[in-house]
Amino acid sequence: MVRIFILLCAMVLSSHAADAYESNCIKCHALLPYSLRDIFMRYLAAYGGENNVKVGLDHYFKYPAKDISVMPIAFLNHYGIDHHSKIKEDELKKAIDIYWKKHKVIGRLK
Amino acid sequence: MQVSKNKATNSLLASEKKSLFRFLTLYVLMMMSIIVLISLFYYQNQEKMMFLSKRDMLSDYAYEQIKKLKVLHNTFPAQNTYPRDPRFKSAIYDLEYVKIFSLLESDDIDFNTDMYITYDNKIHFVKTLFEYYLGAKYLFLEIPDDGEWRKEAWENIFIFGGLAIVFFTIVGFYIANLFLNPMRSSLLLLDRFIKDTTHELNTPLSTILANIEMIDKSSIGEDNKKKINRINIAAKTVSQLYQDLTYLTLEHDMHKNDENVETKALIENRVEYFDILAKTKDITFVLDLKKSYIHINRHKWTRVIDNLLSNAIKYNNRKGIIHITLRQNMLTIGDTGIGIEMAKIPFVFDRYIRFNQSEGGFGIGLSIIKKIIEEYNMKIEIKSKPNEGTVVIIKW
């Protein structure tokens, strides 16, 4: 019984987080010419390791600015920069974690 | 002064050996340290030279590999096959030192140096990426180390190191000899002097002793008898010294003339001979003798016993006791005298070593004993405590 409860909780939490990623990230980025994977690879090339990438993403969401963006100048000039994120702290963290897991390179090369 | 080398002083004294040993140990240690240090520098230099010879090639490989990583970065995940190259193995690590992908055979990874040899003999070249393609900051390239440079380096170290050791050892012996020459010259001079003077002692000494024996003691007064007695003691002391010096300079080179010597009778005879000396200090002999035979040159055995008795009298206290115990294969002579300090015992056999200057002599008695003991493969042991006495044990 306890196991089923924990499983359900985990499913609810994960679906909630996935919702946060999909509703807050995919929804907006679907309209842009750069896919979320492209942006991830740019973050990866700029920041390197997992923690660094996550910190970089987190910081950008909180303090978006042209000079710290990993996107090309032409892209920024055309589309501008995003507004300050209104996502809650823990929700943002979970969304970033999902983003990392979805696109990470480690364990996917052969 | 030019001094010819006497066969008797050919062998080094224990103290001389000790000085030589100490000097050579220090010298060899210093020399070895310097050689090891130079070898280490040479080895490291050879390793650097090897790295230098391979660095350009590996840099080119790294440049090519980075280009392939860039392509993969841009096509990932549609293309996810890590680029391979038959000329080398490679691996990529992110800036948090997490492995992204590796084809390396060695797991000896070092992020702190740009080129190194692993414990399993692979050369690792580390290239830092400025743009982290696939998240990689560190690109490791691995090629096998054929070990030729190492083999050559070790060969040179052994050959030149060995030659240096031989050279410096010869120089060391030369320097040590220079240091020891003054001491050796003094000993040779003393030997030469003794040898020359002993020749002149024999006739007068024999005459004195023979005439004392011939004197009819019943026909002389008590006062004169005492004087004759004193002359007898003095003559016997000189005779003992003469015998030692003659042995040192001449007789020990003579051919062996070994026989079965009955030691009990010999000791009794020598105790009687030394009795007159012992009485001057009121020393008592306590004998516990059992019949014992030893195959030895009688004269040499007499020198051993005489010197032991002479020392036991010389270094005994007034009214002291000399215990003499004789068993089948063992002779023990113990006194109740001044004794010797533990630290000085190893040096008592050195010639001209005298720890007590209050008594006469040249300090050659125990040196003679040691020579004879060693010649006949016997064993000598000295047990002594200051102010309690000394016991000398000879086993054969």
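Refer to the structure presented above.
1. Digging into the interface of chain B and chain A
Reasoning step 1: Between chain B and chain A, the contact holds 21 residues from the first and 19 residues from the second.
Reasoning step 2: Interface area for chain B against chain A, summed over the two sides, is near 1,600 Å², with a carbon-plus-sulfur share of 63%.
Reasoning step 3: Of all residues in chain B, His73, Phe76 and Glu96 of chain B give up the largest surface area on contact with chain A, accounting jointly for 34% of the area buried on that side.
Reasoning step 4: Taken together, the links from chain B to chain A amount to zero salt bridges.
Reasoning step 5: At the boundary of chain B with chain A, the tally comes to ten residue pairs in polar contact (both at pLDDT 80 or more).
Reasoning step 6: Secondary-structure elements contributing two or more residues to the side of chain B that touches chain A are α1 (14-75) and β2 (99-102) of chain B.

2. Some words on the packing of helix α3 (residues 50-62) of chain A against helix α5 (residues 89-103) of chain A
All names here are of chain A.
Reasoning step 1: At their nearest, the axes of α3 and α5 sit 10 Å apart, and the two run at 135 degrees to each other. The angle between α3 and α5 falls in the class oblique. For the element pair α3 and α5, the recorded crossing hand is right-handed. Facing Glu50, Val53, Lys54, Leu57, Asp58, Phe61 and Lys62 of α3, the residues of α5 in contact are Glu89, Leu92, Ile96, Asp97, Tyr99 and Trp100.

3. Some words on the nonpolar core
Reasoning step 1: Ranked by internal contacts, the top residues of the largest apolar core, which has 52 residues, are Leu109 of chain A together with Ile92, Leu134 and Leu139 of chain B.
Reasoning step 2: Per-element tally for this core: the top contributor is α1 of chain B, with nine residues.
Reasoning step 3: Listed in part, the 46 residues of the second largest apolar core include Ile194, Ile294, Val304 and Leu366 of chain B.

Calculation criteria
- Residues numbered from 1 in each chain as written.
- Chains lettered and ligands numbered in written order.
- Predicted model: local features only at pLDDT ≥ 70, side-chain atom pairs only at ≥ 80, totals over all residues.
- Heavy atoms only, no water.
- Contact = heavy atoms within 4.5 Å.
- Buried area = accessible area lost by both parts, 1.4 Å probe.
- Salt bridge = Lys/Arg side-chain N within 4 Å of Asp/Glu carboxyl O.
- Polar contact = N/O pair within 3.5 Å; in protein donor to acceptor, adjacent residues only side chain to side chain.
- Helix = DSSP H or I, 4+ residues; strand = E, 2+ residues; numbered from the N terminus.
- Axes fitted to C-alpha atoms, helices over the stretch in contact; angles between N-to-C directions.
- Parallel < 35°, antiparallel > 145°, perpendicular 65-115°, else oblique.
- Left-handed = near helix turned anticlockwise from the far one by under 90°.
- Core = buried A, V, L, I, M, F, W, Y, C linked by side-chain atoms within 4.5 Å.
- Buried < 20%, exposed > 50% of the residue type's maximum accessible area, 1.4 Å probe, protein only.

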